[in-house]
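One letter stands for each residue in the lines below.
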Amino acid sequence: MCWFDRDKESGHGIFCMGGCFNHETYIMKSISTLAVMSLMALTLTSFEATADEALAKSKGCLNCHGIDNKIVGPAYKDVAKKYQGQNVTDQLANKVMKGGGGVWGGMAMPPNAVTPDEAKQLVTWVLGLK
Ligand code: HEC
């Protein structure tokens, strides 16, 4: 087979792969295309979850909120539990932007530098946590 015939000194191996392995390469390509596609589908689904988390991190939310644990502010899972079944997305998004206190204890949340869309996206994510 060409693979083993290649002249290592002259570096023909690379051309050789293109010329002699056409058939095998074709099969390999279809297999890896399939593999890549299913991988992409997988990563896309998990990416959805982490994109929101990454936004929360980049906006500093996770400095004060843990997903599972209270830091300065309440754990996001506790927030989700508290408002379960209630239509509070807009109200909470507003609070995220403007800040406010009095719900969870002594500390108030300072205003956060997020756009209305980001605030809504973050609150939707928080309220969807389980
Ligand atoms: C400096 C700390 C701090 C930062 C940064 C912070 N929070 Fe908070 N957050 C708090 C505190 C404290 C509370 C509790 C306020 C209260 O008792 O009403 C709170 C409450 C909340 C609540 C529940 C509000 C309610 O009325 O029940 C949500 C939702 C929330 N934060 C989301 C966010 C998001 C999203 C970000 C990032 C854009 C963020 N927080 C950034 C400290 C912070």
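Residues numbered from 1 in each chain as written. Predicted model: local features only at pLDDT ≥ 70, side-chain atom pairs only at ≥ 80, totals over all residues.

For the ligand, the set of nearby residues contains 29 residues, the closest of which are Cys61, Cys64, Gly73, Val103 and Trp104. Of all the secondary structure elements, the ones that give two or more residues to the shell around the ligand are α4 (61-64), α6 (89-98) and α7 (116-128). Considered class by class, the residues forming the shell around the ligand number 18 nonpolar, 9 polar and 2 charged. (Near = placed C-beta within 6 Å. Helix = DSSP H or I, 4+ residues; strand = E, 2+ residues; numbered from the N terminus. Nonpolar A, V, L, I, M, F, W, Y, C, P; charged D, E, K, R; others polar.)

Okay, α7 next. The end-to-end C-alpha distance of α7 is 18 Å, a good match for the 18 Å that 13 residues give at a rise of 1.5 Å each. Taken together, the buried positions of α7 are Ala119, Leu122, Val123, Trp125 and Val126. Burial along α7 is one-sided: seen end-on, the buried residues are contained in an arc of 160 degrees. Exposed residues lying more than 90 degrees from the buried face of α7 are Pro116, Asp117 and Gly128. (Expected span 1.5 Å × (residues − 1). Buried ≥ 20, exposed ≤ 12 C-beta atoms within 10 Å, placed from the backbone. Arc of directions from axis to C-beta.)

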